[in-house]
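Given next are the chains, with one letter for each unit.
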Amino acid sequence: MRNREKATYHARREVVLAVARDLFAERGYRATTVRDIADASGVLSGSLYHYFDSKETLIDEILSSYLDELILVYRGVVAEGGDAQSTLARLVAGAFGALDRHRAAGLVLHSERHHLDRLPRFAHLVEREAEIEHIWSAVIERGKTSGELRPDIDGRLTYRFVRDGVCAAARWSCPATELAGQFLALLLDGLRG
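Residues numbered from 1 in each chain as written. Predicted model: local features only at pLDDT ≥ 70, side-chain atom pairs only at ≥ 80, totals over all residues. Heavy atoms only, no water.

Here's the deal with the nonpolar core
Here's step 1: One finds Phe-24, Leu-63, Phe-96 and Trp-136 to be the most contacted residues of the largest nonpolar core, which totals 60 residues.
Here's step 2: Taken together, the elements giving at least two residues each to this core come down to α1 (3-27), α2 (34-41), α4 (55-80), α5 (84-101), α6 (103-117), α7 (123-146), α8 (155-169) and α9 (176-191).
Here's step 3: It is α4 that provides the largest number of residues to this core, a total of ten residues.
Here's step 4: Two domains each donate at least three residues to this core, and these are domain 1 (1-52) and domain 2 (53-189).
Here's step 5: With sequence-adjacent residues up to four places away left out, Leu-63 is seen in contact with Ala-105, Val-108, Leu-109, Leu-116 and Leu-125. (Core = buried A, V, L, I, M, F, W, Y, C linked by side-chain atoms within 4.5 Å. Buried < 20%, exposed > 50% of the residue type's maximum accessible area, 1.4 Å probe, protein only. Helix = DSSP H or I, 4+ residues; strand = E, 2+ residues; numbered from the N terminus. Domains from an automatic or database assignment. Contact = heavy atoms within 4.5 Å.)

Here we look at the side chain of Lys-144
Here's step 1: Within the secondary structure, Lys-144 is located in helix α7.
Here's step 2: Given a relative accessible area of 18%, Lys-144 falls into the buried group.
Here's step 3: With residues up to four places along the chain from it excluded, the contact list for Lys-144 reads Leu-149, Arg-150, Pro-151, Ile-153 and Gly-155.

Thoughts on the packing of aromatic side chains
Here's step 1: Taken as a whole and judged by the stated rule, the model has four aromatic pairs.
Here's step 2: Here Trp-136 and Tyr-159 contribute two aromatic rings whose centre-to-centre distance is 5.9 Å and whose plane-to-plane angle is 45 degrees, an arrangement assigned as tilted. Separated by 23 residues along the polypeptide, Trp-136 in helix α7 and Tyr-159 in helix α8 bring together distant segments of the chain. Assigned by exposure class, Trp-136 and Tyr-159 land together as buried.
Here's step 3: Among the aromatic side chains, those forming a connected cluster through ring pairs are Tyr-74, Trp-136 and Tyr-159. (Phe/Tyr/Trp six-rings, centres within 6.5 Å; stacked < 30°, edge-to-face > 60°.)

What about the domain arrangement of the chain?
How big an interface is tends to be stated in terms of accessible area lost as the parts join.
Here's step 1: Once the domains are mapped, the chain shows domain 1 (1-52) and domain 2 (53-189).
Here's step 2: Counting from both sides, the interface comprises 17 residues of domain 1 and, opposite them, 17 residues of domain 2.
Here's step 3: Roughly 1,600 Å² of surface becomes buried between domain 1 and domain 2 when both sides are summed, with 68% attributable to carbon and sulfur atoms.
Here's step 4: Contact with domain 2 buries surface across domain 1, with Tyr-29, Arg-30 and Phe-52 losing the most and accounting together for 44% of the total.
Here's step 5: Notably, a salt bridge pairs Glu-61 with Arg-13, separated by 2.8 Å at the nearest N-O pair.
Here's step 6: Put simply, domain 1 and domain 2 have seven residue pairs in polar contact (both at pLDDT 80 or more) between them.
Here's step 7: By residue number, the principal contributor to the side of domain 1 that touches domain 2 is α1, which donates eight residues.
Here's step 8: Residue classes in the side of domain 1 that touches domain 2 are distributed as eleven nonpolar, two polar and four charged. (Buried area = accessible area lost by both parts, 1.4 Å probe. Salt bridge = Lys/Arg side-chain N within 4 Å of Asp/Glu carboxyl O. Polar contact = N/O pair within 3.5 Å; in protein donor to acceptor, adjacent residues only side chain to side chain. Nonpolar A, V, L, I, M, F, W, Y, C, P; charged D, E, K, R; others polar.)

Some details on the layout of surface pockets
Here's step 1: Estimated volume of the largest pocket: approximately 160 Å³.
Here's step 2: The wall of the largest pocket is formed by Arg-113, His-114, Asp-117, Val-126, Glu-129, Ala-130, Glu-133, Arg-156, Tyr-159, Arg-160 and Arg-163.
Here's step 3: If you list the elements that add at least two residues to the lining of the largest pocket, you get α6, α7 and α8.
Here's step 4: Class assignment for the residues of the lining of the largest pocket results in three nonpolar, one polar and seven charged. (1 Å grid on protein atoms, 1.4 Å probe; cavity = no way out; pocket = protein on both sides within 12 Å on 5 of 7 lines; lining within 4 Å. Points joined across faces, edges and corners; volume = space filled by probe spheres on them.)

So this is what it looks like as structure tokens:
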């Protein structure tokens, strides 16, 4: 492929990916067909396979880019150090910041997580989510040990409340970063020791 052809190919591929992302968020992954994606992208159904070999590849790329960004952000937050409350504040800010950039992916992950978790092809997504849960749970447990957070809370369950709350916020019309402060105030006021 020459440079111009490559540029056209990559531009069309990005259009198809963006359309799939929006349709998956709006209708759900399972309810969206390849034909729906092709029609909304302005390509023939068969031509879609020139860009992606399957619908599964589309959702995999959408969710992988979101989870990869989250992991990088969260690892960076933890590497900065600090007490548990300030670390949680930065984790929440990172979660909402990533959600602003990947709103559709957050919605899709929230609604399709349990379906995709059962499919062997998506085992790597389950592993990424497990790493994210471990990062959050470790910070929460550190806060419990230091007395910054209540000792009677379950770190894993608390993380899941946070995760689902952040993903649910993707359905709201205001920018996710505007919600981060309110979310953090509710979280920490409910967890303070």
